[in-house]
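Report on the structure
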Amino acid sequence: MTTFTDTAATALQLLTDLDPLLWSIVGRSLWVSVLATAVACSLGVVLGAWLGVARFVGRDVLLTVLNTLLALPSVVVGLLVYLLLSRTGPLGHLGWLFSLKAMVLAQAVLVLPVVTALTRQCVEDAERSHGEQLQSLGAQSGLRSMLLAWDERYALLTVLIAAFGRAISEVGAVMVVGGNIEGFTRVMTTAIALETSKGDLPLALALGVVLMGVVLLLNALISILRRWRQHIDGASADPVQGVLA
Amino acid sequence: MSEVLQLQDVSVHFGSHMALQAVNLQMHAGERVALVGANGCGKSTLLRVAHGLLKVSRGQVAVPRDVRQAMVFQRPHMLRTSVLHFVVWGLWLQGVGWRDAQARAWQALERVGLQGDMAHRSARTLSGGQQQRLALARAWALQPNFVLLDEPTSSLDPHAKREVERLLTDWVAASDVSLIFSSHNLGQVKRLATRVVYLEAGRVLADLPVDTFFNQPLGESHPEAHLFLKGELG
């Protein structure tokens, strides 16, 4: 018990003293995950919206693969990105391995199926409900998918927040491709894993508290967003809210 | 009179369900055709085929190039935008420049009584009747010469129904626009239509001038339509 209270007290002190090591790790984590989410959302929203509207041979197979990718283990993503970026890999010439760029790429790959699948579901529901009204105005599938995505923008904001939550809380992929190098590629999750194994529990606990705080903040944002939407237009409950849980 | 629509031997099936069966229908400019029949008889399918939203399984649909169509749905979906921009977006999608679209949208909103501050409200906050008036404003702004309406007043309260019907009456009185609409309201059919098409199980079983449909004995010539009228009118 003494160990626990001592650890908690020291962790609290690290937080309140604005420990530079701790907050540099937090800053790096946020930076990597924000960039990865931005990259994944840029591609995933467009791809998901198109999949929500387009009808083509093989679509069902593609959706099955996409849904399977939702359960992709992060260490497998790390391994694949590692193979891509390793010196002998197809992208080895970029020299990204064990850098923040590699971590951004790995997290983006991990989050891309989440963004694509949730956007697809959202836009497909909208297409089923009122796609023909836009079609009636002359909007073909490409334009319609973008319009429907825009019309569902508040639901998609929730997707974005969920994607960020998935990115910032994963550990396997960034550990493999980043190498967990102190002061360079060490982020919150990899630092927690390392410090725990080393026995430096206060720093691990302090980082854990910050990580939980970020996830709590994201869930609060989703909740506020949902209420704001309901206030604005009386929309029904957001089907993708709570994905972070 | 020039033709605005021709359906030739049109069939539509969804899996094993035949929604339309060998339908033939010709419409000329200025005609106002009402589609009547029980739920599921194919009224909405016919309208969607005529508007190009559904592909036919068999037959041909011909719409002359100079015909500009606009469709009003039973429950118009309100885009997450303002009342004004709801109309402007519709025009923009049809290739109208944003500035011209705004000018035309203001005119259309004034026509349906949604001008002024109302134009800047979120379209989703409008009542059902106001939403349908907004949908009419958008259709009107598109300057069509052929309008298709899928049960435009069926989800509205009596007051909103009268208001929407008055707008439609004014529209047809002020122009030679052709109308085809589906309705369960036979009073409305009498007031708005010049011709009535009765459908049953995807087939056209009667296609008659409105006076003939309501005032002539149909028992021998069109027994199904006669039974329908008897059931509806009591």
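Note that this is a predicted model, so its numbers are computed, not measured.

A look at the sheet that holds strand β9 (residues 203-209) of chain B
Residue and element names in this part refer to chain B. Spatially, 6 strands are ordered β5-β6-β7-β3-β8-β9 in an open sheet, and the strand pairing comes out mixed. The strands lining the two open edges of the sheet, one partner per strand, are β5 (69-72) and β9. On average, each strand axis in the sheet is inclined to that of its neighbour by 15°, with strand direction left out of account. Alignment of β5 against strand β6 (residues 146-150), held across 4 bridges, turns out to be parallel.

Describing the packing of helix α5 (residues 100-136) of chain A against helix α7 (residues 153-169) of chain A
Residues and elements named next belong to chain A. One way to put it is that α5 packs onto α7 with a least axis distance of 9 Å and a crossing angle of 155°. Judged by the angle between their axes, α5 and α7 are roughly antiparallel. Handedness of the α5/α7 crossing: right-handed. Mapping the contact onto sequence places Gln 107, Leu 110, Val 111, Val 114, Val 115, Leu 118, Thr 119 and Cys 122 in α5 and Ala 155, Leu 156, Val 159, Ala 162, Ala 163, Arg 166 and Ala 167 in α7. For the contact of α5 with α7, the residue count by class is 12 nonpolar, 2 polar and 1 charged.

Section: the packing of helix α2 (residues 20-53) of chain A against helix α6 (residues 141-151) of chain A
Residues and elements named next belong to chain A. Contact geometry of α2 with α6 gives a least axis separation of 8 Å together with a crossing angle of 115°. Crossing geometry of α2 relative to α6 is assigned as right-handed. Residues Val 45, Ala 49, Trp 50, Gly 52 and Val 53 of α2 lie in contact with α6, whose contacting residues are Ser 141, Arg 144, Ser 145, Met 146, Leu 148 and Ala 149.

Description of the interface of chain B and chain A
Counting from both sides, the interface comprises 14 residues of chain B and, opposite them, 13 residues of chain A. Partitioning the side of chain B that touches chain A into residue classes produces 6 nonpolar, 6 polar and 2 charged.

A closer look at the sheet that holds strand β1 (residues 3-14) of chain B
Strands pair in a sheet through their backbones, by hydrogen bonds, and they do so in one of two ways: parallel or antiparallel. Residues and elements named next belong to chain B. Pairing within the open sheet is antiparallel, and its 3 strands lie in the order β2-β1-β4. The open sheet has two edge strands, β2 (17-28) and β4 (58-62), and neither has a second partner. Ignoring which end each strand starts from, the neighbouring axes of this sheet average 15° apart. Pairing of β1 with β2 involves 8 bridges; the strand directions are antiparallel. Its bridge partner lying in β2, Leu 7 is registered against Leu 25.

Criteria and cut-off values
- Residues numbered from 1 in each chain as written.
- Chains lettered and ligands numbered in written order.
- Predicted model: local features only at pLDDT ≥ 70, side-chain atom pairs only at ≥ 80, totals over all residues.
- Pairing = 2+ DSSP bridges.
- Helix = DSSP H or I, 4+ residues; strand = E, 2+ residues; numbered from the N terminus.
- Axes fitted to C-alpha atoms, helices over the stretch in contact; angles between N-to-C directions.
- Parallel < 35°, antiparallel > 145°, perpendicular 65-115°, else oblique.
- Left-handed = near helix turned anticlockwise from the far one by under 90°.
- Contact = placed C-beta atoms within 7 Å.
- Nonpolar A, V, L, I, M, F, W, Y, C, P; charged D, E, K, R; others polar.

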